[in-house]
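# Inside the fold
This is what each chain is made of:
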Amino acid sequence: MSMEIDNDQIEIIQEFVTESQDMIEQLEPQIIELGQNSDPETMNAIFRLFHSMKGSAGFLEFDHITRVAHAAENLLDLIRNGEIDLVPDHVSLLCSACDFAKDALEQVDSNYTDKMMAPAADEMSERLHQAIEVAKGGGATIAAEPEVAAPATEKPTASEATAPEPPVEEFSFPDELPKLEITDEMRLSFVQEGNELLQNAEQGLLAWGENPGDTDSIGDIFRQIHSFKGNCGFFGFSQMEKLGHQMESILDRVKSGSKLAIDNPADQLLAALDFLQQATNDVSDGKEGLIDNLEEHLHNLQLLVPPLLGEILVEEGVKPEAVAKAVETQKKPVGEILLEKGDASPGQVDNALKKQAANLKKAKAESKPVIRTKPPAKRQDIRVDLGKLDSLINLIGEMVIAENMLIHNPDLKGLELENFNKAGQHMSKLVRELQEMAMTIRMIPVSGLFRRMIRLVHDISVKAGKKVELELIGEETEIDKTVIETITDPLVHLLRNSLDHGLEPPDERVAAGKSEKGTVRLQARHEEGEVWVTVEDDGRGLNREKILEKAINKGLIEPEEAAEMKDRAIFNMIFAPGFSTAAQVTDISGRGVGMDVVKRNLEKIKGKIDVSSAAGGGTRIDLRIPLTLAIIDGMVVRVGTTTCIVPTLSILEAFRPVLEQITNTPDKQELAKVRDSFFPIIRLHEMLEKEPDSKNLDEGILIVLEYQDTHFCLLVDEILGQQQTVIKGLSDYIGNVSGVSGCTILGDGGVSLILDVGGLMESIENKATKLIQA
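Counting starts from 1 at the beginning of each chain's written sequence and moves along it residue by residue. This being a predicted model, a pLDDT of at least 70 is required before a residue's local features are given, and a value of 80 or more before pairs of side-chain atoms are given or counted; all residues contribute to the totals for chains, interfaces and linings. Note: side-chain values were computed over all heavy atoms of the structure, leaving out hydrogens and water.

### So, the sheet that holds strand β16 (residues 718–726)
Paired strands, as defined in this entry, are two strands with at least two bridges between them according to DSSP. Put simply, DSSP H or I for four residues or longer makes a helix, DSSP E for two residues or longer makes a strand, and each gets a number counted from the N terminus. As summarised here, the arrangement of the 5 strands in space is β16-β8-β9-β18-β17, forming an open sheet in which the pairing is mixed. Only two strands of the sheet have a single neighbouring strand rather than two, namely β16 and β17 (740–745). Averaged over all neighbouring strand pairs, the angle between strand axes comes to 35 degrees, with direction disregarded. With 8 bridges connecting them, strand β8 (residues 631–639) and β16 associate as antiparallel partners. Bridging across to β16, Ile-631 finds its partner in Val-726. In what follows, a contact means two residues having at least one pair of non-hydrogen atoms within 4.5 Å. In this description, a line fitted to the C-alpha atoms serves as the axis of each element, helices being fitted only across the stretch in contact, and the angle between N-to-C directions of two axes falls anywhere from 0 to 180 degrees. Against the sheet, helix α15 (residues 386–407) makes contact with β8, β16 and β17, and its axis sits at roughly 150 degrees relative to β16, the strand it touches most.

The following block contains the structure:
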């Protein structure tokens, strides 16, 4: 490709990069599944990936991507036709081909060429060819010459009917392939992008139809149709792909300046666009995207592109190589060039010109005017910039604060305002619904994140020599998009440690009475107003003694503290910076860096980490993430002159205790009896270092709070009411405060702390530990 790239080419290249990266991300997990279950549908989906990439890369003259994709396609074709057997090395090789494609696409995205990938392409192609040879028992290698598009030509003059460019590259449509299994998410993505591409193409064609002399817009129309055709090919909508390809061929002729049967085919292309729109609507309804009378439509469009002079000259007996060379160096009519070089006789050129004129006349006569029957596009979604959503949510947060300041305004105290109160309640309902709707807009399923881990688990298990089965549970669970970006690295580190340290080698597992294949479970679910993402394995579990030994050696704890520490506190030490019990450092893990990253990333989103483990039974790590990072329902409580917010989801009940319900343990811990259970008591005034109305328990109110499977009571002076609370982060110079998750602004303009129930529970455990040690 020439180094001089215009804006149209840049846009086409960027579309190609984005679409190819999306295809690789969607189908890379299926390559891993192929090694576990050689399913024909999975095989054909992967074949379709490389086939589509090869076609698009060949059109854009990215030779190195083309020949690697073609070599991978050859290997897959032999496997799916039963000519060779699939072996694990083939799966690893296809994964390596995907890695090459990712690197090459990054280079193309940055430099608009893949020339610097030549050495890597040579190596990758050779490995694929060798795999074919080995599988066929040393037979001849499969030819893997790249199918590169014909070289571009200079634009001929307007009067030059005899100087066409070479024909567009032949495009194959593998109708024999079964349909790709399309998920609802993939179908939605296809329809959404397809509607956008068709709408843009329609606007361009309408503008071109009104002003035929404006050919600058043809490049943009061509790009829209080319992208749409590529999407159809990937998803297996072959009829839509064929029609799109025929439209693309016409636009390519227009771009090159070659003559068509009619001066401006905008109306014919718009009619074809309508058929594509109707088929896209059918796809949206779950249908197959078929086009009625497809062959008739293709024939009508084919009439618009009669054979080029070069093609007719070949039919007259002129060598194809001579025609191609003449076109490449074209400065004057092709026939004149061939006559000068002696590659064609005057009779051949005259006959070819006569045939071309006859073909044009016949095509014009057979071309029929078209009447559009444009179906409406079924748009059920639009694309919105993430920054706009952030601004919307921030504005809704400010609206909640303003609503609280209005309804709970101190100036209204003592006034009987019945109508105002009704209006205020209605406003609160609307604001709540608006807030809930805005939050759901940012939520996306974790399936994309989870499926990216399939490749990671496969690569690590191969490198570590372990057999692993990855179970994905709760892929439909939705999480805030920002949260997904934040927990990606933590999940990678947790899986690395689980595979490297947790799961035993096959022989060790068999000796311990387990199956040789280990299981790693990745699960997402909603729990107690939070999203829990769990990484669990059935490996050897955490070594309590090793962790304590390492912690003592690093000075994290004193030897006398170790005997009294609970398992949970010991296991949480693995998140300390630089902490590792690995006997040796591998290229997978062992440096004590990854788990620290897990903790720091979770702290950014006010998340928590819980670790549980059993010797020989495996380890479970729960990442507990707030469901929303913006607004929660809270109960306003008072201690002395200070107000705090307690998350409503954590509150079970509240009551004023009597002295008979209070018990003091020998270690001076206060317990409250709630029916048949005893719960520890936290005095909020002691935590905040404030003077309460009274220090007597029977003169205050106990709020029973729940954290996971544990309960405790919080002593306050008064419950003021319930309200929606906008979470504001604490200032950086304050940092993280134990027992506090943030702050908010009250109706009177004052600032109130939002209590962190999990942090309060940890303070009880720490206090109990200190009392025992004392």
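### Brief notes about the environment of Lys-604
Residue position: Lys-604 is located in helix α23 (residues 594–604). The exposure class of Lys-604 is exposed, given its relative accessible area of 63%. Each C-alpha atom of the pair Lys-604 and Val-483 lies 9.5 Å from the other, and the pair is 121 residues apart in sequence. Partly exposed describes any residue whose relative accessible area lies between the buried limit of under 20% and the exposed limit of over 50%, with all areas from a 1.4 Å probe on protein chains only and scaled to the type maximum.

### Looking at the pattern of salt bridges
Between Lys or Arg on one side and Asp or Glu on the other, a salt bridge is scored when a side-chain nitrogen of the former is within 4 Å of a carboxyl oxygen of the latter. By the definition in use, this model includes 27 salt bridges. Across the pair Lys-54 and Glu-73 runs a salt bridge whose closest N-O atoms are separated by 3.0 Å. Within this pair, whereas Lys-54 is found in helix α2 (residues 40–59), its partner Glu-73 is found in helix α3 (residues 63–80), the two being separated by 19 residues in sequence. One salt bridge in this structure joins Asp-756 and Lys-608, with 2.9 Å as the shortest N-O distance. Taken as a pair, Asp-756 in the loop between β18 (751–755) and α25 (757–773) and Lys-608 in strand β6 (residues 608–614) lie far apart in primary sequence, 148 residues in all. Here Asp-756 falls in the buried class, since its relative accessible area comes to 15%. Put simply, Glu-504, Arg-509, Lys-514 and Asp-538 are held in one network by salt bridges that share partners.

### Some details on helix α5 (residues 118–135)
One less than the number of residues in a helix, times 1.5 Å, gives the span that helix is expected to have. Look at α5: 26 Å from first C-alpha to last across 18 residues, which is about the 26 Å you get at 1.5 Å a residue. By the burial criterion, the buried members of α5 are Ala-118, Ala-121, Met-124, Ser-125, Leu-128, His-129, Ala-131 and Ile-132. The arc enclosing the buried residues of α5, seen along the axis, measures out at 150 degrees, which places them on a common side. Within α5, the exposed residues directed more than 90 degrees away from the buried face are Pro-119, Glu-123 and Val-134. In this fold, the buried residues of α5 make contact with α3 and α4 (88–111). This arc corresponds to the set of directions leading from the helix axis out to the C-beta atoms.

### Here we look at the packing of α15 against helix α16 (residues 418–441)
Look at α15 against α16: their axes get within 10 Å of each other, and the N-to-C directions meet at 160 degrees. What the angle tells us is that α15 and α16 run roughly antiparallel. Classified by chirality, the crossing of α16 by α15 is left-handed. Within the contact between the two elements, α15 uses Leu-389, Leu-392, Ile-393, Ile-396, Met-399, Val-400, Glu-403, Leu-406 and Ile-407 and α16 uses Phe-420, Gly-424, Met-427, Ser-428, Val-431, Leu-434, Gln-435, Ala-438, Met-439 and Ile-441. Looking at the contact of α15 with α16 residue by residue, the class counts come to 15 nonpolar, 3 polar and 1 charged. Angles below 35 degrees are treated as roughly parallel, those above 145 as roughly antiparallel, those between 65 and 115 as roughly perpendicular, and all remaining angles as oblique. Handedness of a helix crossing follows the sense of rotation of the near helix relative to the far helix, less than a right angle counterclockwise being left-handed and clockwise being right-handed. Gly is put with the polar residues, along with every residue not named as nonpolar or charged; the nonpolar set is Ala, Val, Leu, Ile, Met, Phe, Trp, Tyr, Cys and Pro, and the charged set is Asp, Glu, Lys and Arg.

### Section: the sheet that holds strand β5 (residues 530–537)
Taken together, 5 strands build an open sheet; the order of strands is β2-β4-β5-β7-β6 and the sheet is mixed. A strand with exactly one partner marks an edge of an open sheet, and here the two such strands are β2 (467–473) and β6. If you compare each strand with its neighbour and ignore which way they point, the axes differ by 15 degrees on average.

### A word on the packing of α3 against α4
Interaxial distance between α3 and α4 falls to 10 Å at its minimum, and their mutual angle equals 160 degrees. It follows that α3 is roughly antiparallel to α4 by the angle criterion. Crossing handedness for the pair α3 and α4: left-handed. On the side of α3, the interface is formed by His-64, Ile-65, Val-68, Ala-72, Leu-75, Leu-76 and Ile-79, while α4 contributes His-90, Leu-93, Leu-94, Phe-100, Ala-104, Leu-105 and Val-108. Class assignment of the residues belonging to the contact of α3 with α4 gives a composition of 12 nonpolar, 2 polar and no charged.

### Some remarks on a nonpolar patch on the surface
To count toward a patch, a residue needs a relative accessible area above 30% and no salt bridge. Like charges then connect within 9 Å, nonpolar side chains (Val, Leu, Ile, Met, Phe, Trp, Tyr) within 5 Å. A 1.4 Å probe and the Shrake-Rupley method give the accessible areas. Residues count as covered only by the protein chains that appear here. Residues Leu-392, Met-437 and Ile-441 make up a contiguous nonpolar surface patch of roughly 270 Å² in combined accessible area. Along the chain, the position of Ile-441 falls in helix α16. The class for Ile-441 is partly exposed, based on a relative accessible area of 42%.

### Overview of the nonpolar core
We define a nonpolar core as any set of buried Ala, Val, Leu, Ile, Met, Phe, Trp, Tyr and Cys residues linked to one another through side-chain atoms lying within 4.5 Å. Counting 86 residues, the largest nonpolar core has Phe-50, Ile-65, Phe-190 and Met-240 as its most contacted members. Looking at which element gives the most residues to this core, the answer is α4, with 11 residues. Segmentation of the chain into domains, including their bounds, is taken from an automatic or database domain assignment. Two domains each donate at least three residues to this core, and these are domain 1 (7–164) and domain 2 (184–221 + 243–366). Sequence-distant contacts of Phe-50, that is, excluding residues within four places in its chain, are made with Ala-69, Ala-72, Glu-73, Leu-76, Leu-94, Ala-97 and Cys-98. Residues Val-468, Ile-547, Ile-557 and Ile-570 belong to the second largest nonpolar core, which totals 45 residues.

### Digging into helix α17 (residues 447–464)
Taking 1.5 Å per residue, 18 residues should reach 26 Å; α17 reaches 26 Å between its end C-alpha atoms and fits that length. Those residues of α17 that sit buried are Ser-447, Leu-449, Phe-450, Met-453, Ile-454, Arg-455, Leu-456, Val-457, His-458, Ile-460 and Ser-461. Once α17 finishes, Gly-465 follows within two positions and takes phi at roughly 70 degrees, a positive value.

### Digging into the pairing of β5
Consecutive side chains of a regular strand alternate in pointing toward one face of the sheet and then the other. Within β5, 7 of the 8 residues are buried, which leaves the element mostly enclosed by the surrounding structure. Across 8 bridges, strand β4 (residues 517–527) lies against β5 in antiparallel orientation. Note on β5: the bridge partner recorded for Glu-527 is Glu-530. Bridge count for β5 against strand β7 (residues 618–626) is 8 bridges, and the pairing is antiparallel. Residue pairing across strands places Asp-537 opposite Thr-619, the latter belonging to β7.

Everything listed is a geometric property; what it means functionally is a separate question.
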